[in-house]
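Examining the three-dimensional arrangement
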Amino acid sequence: MPASLKPMLSFESHFGRSATIQITSPGRINLIGEHIDYLGGKVMPIAIENHLTILAGRLTERVVEIFPEGLGFGSPVRIDLDHLEKRTDPAESWMNYVIGVLAVYEASGIVLPGFCAQIDSNLPTGAGLSSSAALETGIALAIEAFSGVEQDSIDRALLCQRAEHEFAGVPCGIMDQIAVGAGREGHALLLDCSNLSIHHVSMPADLAVVTADTGVKHALGDGEYRKRREDCDEILKRLGLSSFHELSSEILEASASKLDEKLFRRARHAVTEMQRVDLFATALESSDQEALGQLMKASHESLRVDYEVSCQELDFLVETAYALPAASGVIGSRMTGGGFGGSTVTLVQCEKANSLIESLKKSYEEKFGRSLNCFITSAVEGAKTSIV
Ligand code: GLA
């Protein structure tokens, strides 16, 4: 279970008024379908219990005041709604997720309301668990609550994605924002990123989802994520295709001479990962644990070798999980999210989850000399607003 949130007793002392709404905005883990959302592939995320909580109250002035204590930043910030400019100071870079959402909502024609907000969180940042999308979505919900203009979860996700592209400089796909906004309790979302349709797949009741955060901070804005997207654009250009949906394993083999070795591997990841998602959805629906395990293993290998977005800590955790004896109840394990650090997701028989966590923590601490943040989570509802 995620660490419980500290009670937020201080909203009134910070802002001299009472909060009127509370927003809960969860993180996400992706079960499979990695680095293919931006290629129009299918992905399979769940929204998770770890979340941001935003308490907020309306202000009549054209400002947004934020007390971001729970994000690990102590000082309150004040954003002038008449000057929504991107912050360039690295210490303020988190604010671009807020300013970006405010700016894209304004550009979409909404008259921005002033509000004050206190943010608390038990969702680790930079852990591949979509803390950025959770923040964007939480701010979007605050704007909607105070402006009275409600978006559906897909339109909201698209606005948040745009904010991330334009203000945070991360050319992300749409998976995270949709998972955070449209998660369903007890279900994975089989999200088709070519048309944004969602099919809910029930999570087998006997399986637990274990997340292991390596503590290696990933920063998708640092260039490697963008380079993968550029590699994929280059592949389509060289093969004369308009989409990866036109690329099969056979066509890829036959066209290998048009790609260099690196681009061939990138394309092979995209093609095989797209195949794995459909197989995984079928295996989840029929509780075919052996197939789930093989598909997660193949996905991790493809991300490690062909797409080169893993790191030694993620590889170690996945290898350790698969090396445990059958009695440990491990079904499958892989890195989750953008990679270059972040977390793994492991499916395990429910009654064995706690001993798996102990094993992973012990092995990780012995190997790397630092502790592992490892916990059971489950699929929850997407972000929501309630009146307080
Ligand atoms: C990050 C991005 C997503 C997706 C994943 C990789 O989380 O925000 O859009 O591309 O990486 O699957």
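Residue indices begin from 1 for each chain and proceed along its sequence in written order. Where local features are concerned, this predicted model is filtered to residues with pLDDT of at least 70; where side-chain atom pairs are given and counted, the filter is 80 or more; whole-chain, interface and lining totals use all residues. To obtain the side-chain values, all non-hydrogen atoms of the structure were included, while hydrogens and water were left out.

**Observations concerning the overall build of the chain**
As a reminder of what qualifies: In this text, helices come from DSSP runs of H or I with a minimum length of four residues, and strands from runs of E with a minimum of two, each type numbered from the N-terminal end. Each residue's exposure class comes from its accessible area (1.4 Å probe, protein chains only) as a fraction of the maximum for that residue type: buried when under 20%, exposed when over 50%, partly exposed otherwise. In what follows, residue pairs with any heavy atoms lying within 4.5 Å of each other are defined as contacts. For every accessible area listed, the method is Shrake-Rupley and the probe measures 1.4 Å; residues are considered covered only by the protein chains on display.
Looking only at helices and strands, the chain has eleven helices and 13 strands in total. Projected onto its principal axes, the C-alpha coordinates of the chain cover approximately 60 × 50 × 40 Å. Buried residues in the chain amount to 58% of all 388 residues. Partitioning the intrachain contacts of the chain with sequence separation of at least 6 by distance along the chain shows that 72% fall at a separation of at least 24. For the chain, the exposed surface amounts to about 15500 Å²; the carbon and sulfur share of it is 50%.

**Comments concerning the domain arrangement of the chain**
The condition is simple: Boundaries between domains were set according to an automatic or database domain assignment. Here's the idea: put two parts together, see how much 1.4 Å probe accessible area each one loses, and the total over both is what we call buried area. The term salt bridge refers to a side-chain nitrogen of Lys or Arg lying within 4 Å of a carboxyl oxygen of Asp or Glu. By the convention adopted, Pro, Cys, Tyr, Trp, Phe, Met, Ile, Leu, Val and Ala count as nonpolar, Lys, Arg, Asp and Glu as charged, and the other residues, Gly among them, as polar.
As far as domains go, the chain holds domain 1 (5-200 + 381-387) and domain 2 (203-377). Taken over C-alpha atoms, the centre of domain 1 sits 25 Å from the centre of domain 2. Taken together, the contact between domain 1 and domain 2 spans 38 residues of the former and 46 residues of the latter. Sorting the residues of domain 1 by area buried against domain 2 places I32, E34 and H35 first, and these three jointly supply 20% of that buried surface. Run the count over domain 1 and domain 2 and you get two salt bridges. Put simply, E34 and R334 hold a salt bridge, and the shortest N to O gap is 2.8 Å. In the side of domain 1 that touches domain 2, the residues fall into 18 nonpolar, 15 polar and five charged.

**Quick word on the environment of L102**
The residue L102 is located in helix α2 (residues 95-107) in this model. The class for L102 is buried, based on a relative accessible area of 0%. Through-space distance from the C-alpha of L102 to that of G57 is 16 Å; in sequence the pair is 45 residues apart. With near-sequence residues (within four places) excluded, L102 lies in contact with V64, I79, L81, L84, L112, F115 and I143.

**With respect to the packing of aromatic side chains**
Basically, it comes down to this: Aromatic rings from Phe, Tyr and Trp, taking only the six-membered ring of Trp, are treated as a pair when their centres fall within 6.5 Å; an angle between ring planes under 30 degrees marks them as stacked, one over 60 as edge-to-face, and anything in between as tilted.
The full count for this structure, using the stated rule, is five aromatic pairs. Judged by centre distance (4.9 Å) and plane angle (55 degrees), the rings of F11 and F15 are tilted. Pair noted here: F11 and F15 are both in helix α1 (residues 11-15), with a separation of four residues, about one helical turn. Assigned by exposure class, F11 and F15 land together as buried. Centroid distance Y364 to F368: 4.9 Å. Interplanar angle 50 degrees. Geometry classified as tilted.

**A short note on the environment of R276**
Selection rule: Within 3.5 Å is the distance limit for a polar contact, defined as a pair of N or O atoms, with the added protein rule that one can donate a hydrogen and the other accept it, and that residues adjacent in sequence qualify only through two side-chain atoms.
In this fold, R276 is placed in helix α8 (residues 261-285). Residue R276 is classed as buried on the basis of its relative accessible area, which comes to 8%. Separated by 49 residues in the primary sequence, R276 and K227 place their C-alpha atoms 23 Å from one another. With near-sequence residues (within four places) excluded, R276 lies in contact with I32, H269, L295, A298, S299 and S302. A polar contact of 3.2 Å, which involves the side chain of R276, links it to the side chain of S302.

**Comments concerning the sheet that holds strand β2 (residues 42-43)**
Threshold: Here, strands pair whenever DSSP counts at least two bridges between them. Lines fitted to the C-alpha atoms define the axes, with helices restricted to the stretch that makes contact. Angles between their N-to-C directions range from 0 to 180 degrees.
Taken together, three strands build an open sheet; the order of strands is β2-β7-β8 and the sheet is antiparallel. Of all strands in the sheet, those with a lone pairing partner are β2 and β8 (197-202), marking the two edges. Here α8 sits on the sheet in contact with β2, β7 (187-192) and β8, set at roughly 35 degrees to β8.

**Brief notes about the nonpolar core**
Stated precisely, the cut-off is as follows: By nonpolar core is meant a set of buried Ala, Val, Leu, Ile, Met, Phe, Trp, Tyr and Cys residues that side-chain atoms within 4.5 Å join together.
L31, M44, L102 and F280 are the most contacted members of the largest nonpolar core, which totals 108 residues. Looking at this core, the element that brings in the most residues is α8, giving eleven residues. Residue-level mapping places this core at the junction of two domains, with at least three residues from each of domain 1 (5-200 + 381-387) and domain 2 (203-377).

**Some details on the sheet that holds strand β5 (residues 77-80)**
In space, the six strands of this open sheet follow the order β5-β4-β6-β3-β1-β13, with mixed pairing throughout. A single partner strand is all that each edge strand has here, and the edge strands are β5 and β13 (384-387). Between one strand axis and the next, the sheet turns through 25 degrees on average, direction left out of account. Pairing of strand β3 (residues 45-59) with strand β6 (residues 114-121) involves eight bridges; the strand directions are antiparallel. Paired with L52 across the strands is S121, a residue of β6. Where α2 meets the sheet, its contacts fall on β4 (63-67), β5 and β6, and the angle it forms with β5 comes to roughly 25 degrees.

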